[in-house]
Amino acid sequence: MRASAPGRLALIVRTRLLGRVETGVVIGTLLIVLFFVASTDGAWLNSIPSVLRVAAPIGVIAIGQALLMTSGEVDLSVGSVFAVAGVVFIWTMDSLAIGVVPSMLLALATACAIGFLNGVLTVRFHVPSMIVTLGGMFVYRGIAYISTQGFSLSIPREYRRDLVVQFLKDRVFDVSVTFIILLILTAAFVFVLARTRFGSHVMAAGGEPSAALANGVPVNAVKTKAFVICSGLAGLAGIMTVCQEGSVYSTSGVKMELETIAAAVIGGCTLSGGIGSIWGPILGVFVLSSLKGGLMMMGAPTSWYIALVGAILIGFLVVSKLMHQRMGLLN
Amino acid sequence: MDLVVEMKSVVKRFGELRALDGVDLEVYPGEIHALLGDNGAGKSTLIKILSGVYPPTSGEIRVDGRPVAFRSPRDAADVGIGTVYQDLALAPLMPVSRNFFMGRELMKKPELFGVLDDARMDEIALEQMKLIGIDIANPRQPVGTLSGGQRQTLAIARAIYFGAHVLILDEPTSALGQKQQMQVLKTIMRVRARGNIAIIFITHNESHARLVADRYTFLSLGEVIGRGTRDDLVQKDIRQLMAGGAELEDLKSEIEALAG
């Protein structure tokens, strides 16, 4: 039976506009922009470039977290991997003296290896990824503490003027290069999730693992790949930040797992998987980062930030659940 | 007529339990074969053996005249046995066409990049579902928005498209409302009309079997207690066979006593 014309229109509105998992975060973004513009008489707009610069590394990790959550898993170790990648990057430049780019690649490989380990432990031994990566979070944070001796490591003097390091620190028309990298990665992963076989398998593996398996989707391999991508992107974010700031601290990346998971959930992902978005979580990161900056501009104590993140997260979940119930898309 | 599926003296033991005790099953090409029986009769065990989930303890299975020994569901699929289980193996949040091609996606060339050919998948999924009677408007709508009958059709169309010429339907009507049940029976008849696909229709609803089946096999406690053609099925009082005759009458009078 073909639906009548008004029926079809209603269906399109329902599934294409209102029923999208990103609808909530789009509305949220508009509201927060309006609020800050109105309450600062437009002065807030000048802070956008710095918001974007701060948001870039978190956004890069949020892409990975969103992909992984869509596959039905989660990575709590991203903040620690972020720090460890920075440590490995600086340490190899310092001790092995193999140059900037090989050091970056080694740091990236380390991050990917950690992701592979997370994936294998999760899928082979049937340990919930929440537990595996919680353990990993402590282990890699410990490594970061030990190697920075509780303080920090800095890029060796002779590498600070290196072209690649300078490039990642640079701006193009007042937009930081790291933010441009974020945009490129976002576009790439939106495509991967929506249009490729891997993306379809990620959705299937997260949504209905037994059905996926019964139809021949290699669920374990798909999830492991998602772990590697997530951890690799956390490593990339760590490297980007080291180039920008010149140093890695023992506390670099603390709470990033919470920020990225919050952004992913706000942007339309769920802890149970099977449903997800890449650009929604990036908007989620923007919402959270502008909140951080906006609160500071308004003179509110920054300790309010994390409390507000929690409140917004819960609010978003309740609203989107209600909305989806009314759309009849989820039970 | 040559048999498509022939099972001879199939026995399945789970430890002490004899789930199947020397069962024969003969399925003819292009026919609907109803496998009837109450809960615990051994219907599920029988079809799990036939679809390669586990091997029989003893007995012989032939498909298209050739003896087979399946070690996995994949082996059964390779000789053209497609099973549609009750859970249907669908992902409700994903679009119809992505579900149709789940695990066997079509890709644009060069396939190396893994870019999906959604347009072709949409087209084929709609066309295949139409062939057995469901015309849905939008191949991108999530499976969760389909009715129970439409989902059943999707799973059946998928099994046929990927090469099943023996289609095992595990209680396809049991979780549905009256109207949806009839829709599924209609779908089953449309599959039959294609002529080249044999259907093993598992049910404990004898009126459904009566509506569509060409032949039936009746199981109780792991043994065949009745078999025959459509005509036999109409004449015999199947309901009696179903729950062991006298026992059912006893239950009825007990209920009446409680009501009075």
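Because the structure is a prediction, the values reported are computed rather than measured.

Participant: Which residues make up the overall build of chain B, and what are the values?
Facilitator: Within chain B, the regular secondary structure consists of 10 helices and 10 strands. Relative to a compact globule of 260 residues, whose C-alpha radius of gyration would be 18 Å, chain B shows 20 Å and is just as compact. Summarising its shape, the C-alpha atoms of chain B cover approximately 65 × 50 × 35 Å along the three principal directions. Put simply, chain B has 260 residues, and 49% of those count as buried. Relative to all contacts within chain B whose residues are 6 or more apart in sequence, the contacts with residues 24 or more apart total 65%.

Participant: Go over unusual backbone geometry with me, naming the residues and quoting the values.
Facilitator: All names here are of chain B. With an omega of -5 degrees, the peptide bond between Lys109 and Pro110 qualifies as cis. Despite not being glycine, Ala89 has its phi angle at roughly 50 degrees, a positive value. Assignment of secondary structure puts Ala89 in the loop between β6 (81–84) and α3 (96–100). Owing to a relative accessible area of 12%, Ala89 belongs among the buried residues under this scheme. Its identity as a non-glycine residue notwithstanding, Glu171 has a phi of 45 degrees, on the positive side. Structurally, the position occupied by Glu171 is in the loop between β7 (166–170) and α6 (178–193). Among the residues examined, Glu171 registers a relative accessible area of 10% and is labelled buried.

Participant: How would you explain the packing of helix α3 (residues 48–70) of chain A against helix α12 (residues 256–266) of chain A if you had to name every residue and give the values?
Facilitator: Residues and elements named next belong to chain A. Two elements in contact, α3 and α12, have axes whose closest approach is 9 Å; the angle formed by their N-to-C orientations is 65 degrees. Relative to α12, α3 is oriented so that their crossing is right-handed. Residues Ile58, Ile61, Ala62, Gln65, Ala66 and Met69 of α3 pack against Met256, Glu257, Glu259, Thr260, Ile261, Ala264 and Val265 of α12. For the contact of α3 with α12, the class distribution of residues is nine nonpolar, two polar and two charged.

Participant: Pulling in residues and values, what's your account of the packing of aromatic side chains?
Facilitator: Any aromatic ring pair is given by two values, namely how distant the centres are and how the planes are angled relative to each other. All names here are of chain B. As enumerated under the stated definition, the model contains eight aromatic pairs over all chains in all. Relative to Phe101, the ring of Phe100 has its centre 5.2 Å away and its plane inclined at 50 degrees; by these criteria the two rings are tilted. Classification of Phe100 as buried rests on a relative accessible area of 0%. Of the residues examined, Phe101 reaches a relative accessible area of 1% and is grouped as buried.

Participant: Describe the sheet that holds strand β1 (residues 5–14) of chain B, with residues and values.
Facilitator: Backbone hydrogen bonds hold the strands of a sheet together, and the pairing may be parallel or antiparallel. Residues and elements named next belong to chain B. Overall, antiparallel pairing links the four strands, which are arranged β2-β1-β4-β5 in an open sheet. The two strands at the open ends of the sheet, each matched to only one other strand, are β2 (17–27) and β5 (66–67). In the sheet, β1 pairs with strand β4 (residues 58–63) via five bridges, with the strands oriented antiparallel. If you follow Val11 over to β4, its bridge partner there is Ser58. In the packing of helix α1 (residues 43–50) onto the sheet, contacts are made with β1, β2 and β4, and the angle to β1 comes to roughly 115 degrees.

Participant: Pulling in residues and values, what's your account of the nonpolar core?
Facilitator: Core analysis: the biggest nonpolar cluster contains 88 residues, and Ile63(A) and Phe89(A) have the highest contact counts within it. Top element by residues in this core is α3(A). It accounts for 13 residues. Ignoring any residue separated from it by four or fewer positions in sequence, one finds Phe89(A) in contact with Val100(A), Ser103(A), Met104(A), Ala107(A), Ile239(A), Val242(A) and Cys243(A). One finds Ile32(B), Val84(B), Leu146(B) and Val184(B) within the second-largest nonpolar core, a separate group that totals 43 residues.

Participant: I'd like to hear about the interface of chain A and chain B, residue by residue, with values.
Facilitator: Taken together, the contacts link 27 residues of chain A with 25 residues of chain B. Approximately 2100 Å² of surface area, both sides summed, lies buried where chain A meets chain B, with 54% of it carried by carbon and sulfur atoms. There are one salt bridge connecting chain A and chain B. For Arg195(A), the salt bridge goes to Asp118(B), with nearest N and O atoms at 3.6 Å. Linking chain A to chain B there are six residue pairs in polar contact (both at pLDDT 80 or more). Elements with a contribution of two residues or more to the side of chain A that touches chain B: α1 (5–18), α8 (177–195), α9 (197–207) and α10 (209–214) of chain A. With five residues, α9(A) is the largest single contributor of residues to the side of chain A that touches chain B. Classifying every residue of the side of chain A that touches chain B by side-chain character gives 14 nonpolar, seven polar and six charged.

Analysis parameters
Residues numbered from 1 in each chain as written. Chains lettered and ligands numbered in written order. Predicted model: local features only at pLDDT ≥ 70, side-chain atom pairs only at ≥ 80, totals over all residues. Heavy atoms only, no water. Helix = DSSP H or I, 4+ residues; strand = E, 2+ residues; numbered from the N terminus. Rg over C-alpha atoms; globule rule 2.2 N^0.38 Å. Buried < 20%, exposed > 50% of the residue type's maximum accessible area, 1.4 Å probe, protein only. Contact = heavy atoms within 4.5 Å. Axes fitted to C-alpha atoms, helices over the stretch in contact; angles between N-to-C directions. Left-handed = near helix turned anticlockwise from the far one by under 90°. Nonpolar A, V, L, I, M, F, W, Y, C, P; charged D, E, K, R; others polar. Phe/Tyr/Trp six-rings, centres within 6.5 Å; stacked < 30°, edge-to-face > 60°. Pairing = 2+ DSSP bridges. Core = buried A, V, L, I, M, F, W, Y, C linked by side-chain atoms within 4.5 Å. Buried area = accessible area lost by both parts, 1.4 Å probe. Salt bridge = Lys/Arg side-chain N within 4 Å of Asp/Glu carboxyl O. Polar contact = N/O pair within 3.5 Å; in protein donor to acceptor, adjacent residues only side chain to side chain.

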